[in-house]
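Coordinate analysis (summary)
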Amino acid sequence: MELYMIRRRGIWSNEEELAATNVKSVEAGEAMAGRLRWIRSYAVTEADGRIGSVCFYEAESPDAIREHGERIGAPSEEIQPVRGAAVKQPDPQPVVYG
């Protein structure tokens, strides 16, 4: 499996919608075990106030990521392979949804 970054722009209008999608994402990830693994996500505030995300997944292919996006109702069209990482500090305390 390869590591990919997925950018979802302005998918959610509030935290409740984001939390509901996170629950679906865990369920879909379990159903796709061996083909896809959710590593981490960052929720971002878009210019229009909606919520988007930057997510990192290990997956067998971009098609597996697209399938996951379809299952959870969050399009996954901006997919880029990750070339490497430079981790300088640990992530801050994570926000838990769902």
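Residues numbered from 1 in each chain as written. Predicted model: local features only at pLDDT ≥ 70, side-chain atom pairs only at ≥ 80, totals over all residues. Heavy atoms only, no water.

Note that Glu46 resides in the loop between strand 2 (36-45) and strand 3 (51-59). A relative accessible area of 14% means that Glu46 is categorised as buried. Filtering out sequence-adjacent residues up to four positions away, Glu46 remains in contact with Arg7, Arg8, Arg9, Gly10, Ile51 and Gly52. (Helix = DSSP H or I, 4+ residues; strand = E, 2+ residues; numbered from the N terminus. Buried < 20%, exposed > 50% of the residue type's maximum accessible area, 1.4 Å probe, protein only. Contact = heavy atoms within 4.5 Å.)

The next point concerns the packing of helix 1 (residues 15-31) against helix 2 (residues 62-72). Between helix 1 and helix 2, whose axes approach to 9 Å, the crossing angle comes to 130 degrees. By the angle between their directions, the pair helix 1 and helix 2 is classed as oblique. Viewed along their axes, helix 1 and helix 2 form a crossing whose handedness is right-handed. On helix 2, the residues touching Thr21, Lys24, Ser25, Ala28, Gly29 and Ala31 of helix 1 are His68, Arg71 and Ile72. (Axes fitted to C-alpha atoms, helices over the stretch in contact; angles between N-to-C directions. Parallel < 35°, antiparallel > 145°, perpendicular 65-115°, else oblique. Left-handed = near helix turned anticlockwise from the far one by under 90°.)

A few words now on the nonpolar core. Side chains that are nonpolar tend, in soluble globular proteins, to be buried together. The biggest cluster of nonpolar side chains holds 10 residues, and these are Tyr4, Ile6, Met32, Leu36, Cys55, Tyr57, Ala59, Ala64, Ile65 and Ile79. Those elements giving two or more residues to this core turn out to be strand 1 (2-12), strand 3 and helix 2. A per-element tally of this core places strand 3 first, with three residues. In contact with Cys55, not counting residues within four places along its chain, are Tyr4, Met5, Ile6, Arg8, Arg40 and Ser41. Trp12, Ala28, Ile51 and Ile72 belong to the second-largest nonpolar core, a separate cluster that totals six residues. (Core = buried A, V, L, I, M, F, W, Y, C linked by side-chain atoms within 4.5 Å.)

Right, let's get into the packing of aromatic side chains. Each aromatic ring pair is described using two quantities: the centre-to-centre distance and the angle formed by the ring planes. All chains considered together, the criterion is met by one aromatic pair. Between the aromatic rings of Trp38 and Tyr57, the centroid separation amounts to 6.3 Å while the plane-to-plane angle is 15 degrees, which identifies the pairing as stacked. Separated by 19 residues along the polypeptide, Trp38 in strand 2 and Tyr57 in strand 3 bring together distant segments of the chain. Residue Trp38 is classed as partly exposed on the basis of its relative accessible area of 29%. (Phe/Tyr/Trp six-rings, centres within 6.5 Å; stacked < 30°, edge-to-face > 60°.)

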